[in-house]
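Residues per chain are reported as follows:
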Amino acid sequence: MTKKKFMAEAYELAKLGQYSTKPGVNVGCVIVKNNKILSKGWYEEYGGSHAEINAINSLKRKYPKSYETVLSQSSIFISLEPCSTTGKTPPCVDELKKYDFKEIVIGHEDTSQYGIQELIKSGFKIRQIKQKSLDINQGFFKKINTTSPYIRAKIAMSKDGKTSFKNKKNKWITSIASRNDAQHYRAISDLIVTGGGTLINDNPSLNVRSKKIIKLKGFSQPDKAVITNSQLDFETFKFFQDKSKKLIFTSKKNKVPASKKLSNTEIKSVKSEGTKIDLKDLRSRLIKLNYKDVLIEAGPGLLTSFIKANLIDEFIIYISPKMLSNTANYFFNGKSSLNPMLSEKYEKIESTKVGIDKKIILRKKQKWD
């Protein structure tokens, strides 16, 4: 195998922790000698041992009496720069310094750490093999480089671009396969955001329902938030009837009184912009709350406001073969130049089939890593 393939294996290992490491980062590691992988590791859950430590410990278990000899002159491939500061665990660079690795190969730099500098000072040969994109850590990279969260929007639409029925009796536009696929994006998010209109029209729970994901050690449901200036009976909605943390963002806090019936729910004041909530002030609140991966699942009104404010980094769009014509509302109500399907700000990074539907991912061309 080539060095690029060994690093690609480290990236694949990183993905194994994507549902259980929040609010941490996903990292994978392989240790190689004589062109063979000796051991593997990944960051498995928040607060646990990091990927490189897990890989070293795995090798120690295989060779309890000779692990130092086996590690000698091996190469270690790590998808992210090793940490140099104490957090939930001691600095990983301190453990790496104990062994005479032939080389330490890094995928992406971590600008919040000094791991590479520390290792170079200690005499290690450092090589970097940077993949084109590490999709699973977009939120992490944007957060450490800009302080802002990475904001995704999930849209389910018909072939003619309609995303919400005018008749409330109708509900689903896309297939079960698409709805199941979308569970992934909920599961990797720190926060799911919707609007009061969506609560009224759809009464969604907006939680992760995939049994395969929920049973994973270290998995936790994302927090949820609703943006509204309306006085609603919040406790009647499914959205508020689970144990996850809930937030109500409003610029009219006096109209949204606290309710003793709402468990684990906080009301947050945000500035207004005319008759609506100032979404850039909302982003400032999200920064202070330390969210890094935010998913919007909302109706055309709120979605259009986020698009006009230029706050969405990525769109996950599921397109049904149905034509809904005048029975439903268009997903975006604004200038065509701002429509993400037409805008030059976004590039298509994925186009696949999910059941009978088409799935498209559009990502803002600006990079954060």
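Here, the structure is the one placed above.
An account of the accompanying structure is given in this report.

**Some points on unusual backbone geometry**
Here is step 1 of the chain: Cis geometry marks the peptide bond from K22 to P23, where omega comes out at 0°.
Here is step 2 of the chain: As for its placement among the helices and strands, P23 is situated in the loop between α1 (3-15) and β1 (28-33).
Here is step 3 of the chain: A positive phi angle, close to 55°, is found at N264, a residue other than glycine.
Here is step 4 of the chain: Within the fold, N264 resides in the loop between β10 (246-250) and β11 (265-269).
Here is step 5 of the chain: For N290, which is not a glycine, the phi torsion comes out positive at approximately 70°.
Here is step 6 of the chain: Looking at where N290 falls in the secondary structure, it is placed in the loop between α11 (279-288) and β14 (293-296).

**Quick word on empty space enclosed by the protein**
Here is step 1 of the chain: All told, the structure shown has two cavities of 30 Å³ or more when counted by the stated rule.
Here is step 2 of the chain: In this structure, the largest cavity occupies an estimated 50 Å³ of space.
Here is step 3 of the chain: As for the largest cavity, its lining consists of I307, N310, S337, L338, S343, K345 and Y346.
Here is step 4 of the chain: Per-class residue counts for the lining of the largest cavity are three nonpolar, three polar and one charged.

**As for the sheet that holds β11**
Here is step 1 of the chain: Across the sheet, which stays open at both edges, the nine strands sit in the order β11-β10-β9-β8-β14-β6-β15-β18-β17 with mixed pairing between neighbours. In the strand order of this sheet, the two ends are held by β11 and β17 (346-354), each with one partner. Taking the axes of each pair of neighbouring strands and ignoring which way they run, one obtains an average angle of 20° across the sheet.
Here is step 2 of the chain: Sheet analysis places strand β8 (residues 191-195) next to strand β9 (residues 223-227), joined by five bridges and oriented parallel. Bridge pairing in β9 places G195 opposite I227.
Here is step 3 of the chain: Where helix α6 (residues 138-146) meets the sheet, it contacts β6 (150-157), β14 and β18 (357-364), and its direction lies at approximately 140° from that of β6.

Criteria and thresholds
- Residues numbered from 1 in each chain as written.
- Predicted model: local features only at pLDDT ≥ 70, side-chain atom pairs only at ≥ 80, totals over all residues.
- Heavy atoms only, no water.
- Helix = DSSP H or I, 4+ residues; strand = E, 2+ residues; numbered from the N terminus.
- 1 Å grid on protein atoms, 1.4 Å probe; cavity = no way out; pocket = protein on both sides within 12 Å on 5 of 7 lines; lining within 4 Å.
- Points joined across faces, edges and corners; volume = space filled by probe spheres on them.
- Nonpolar A, V, L, I, M, F, W, Y, C, P; charged D, E, K, R; others polar.
- Pairing = 2+ DSSP bridges.
- Axes fitted to C-alpha atoms, helices over the stretch in contact; angles between N-to-C directions.
- Contact = heavy atoms within 4.5 Å.

Note that every value here comes from positions in space, so none of it alone points to a role or purpose.
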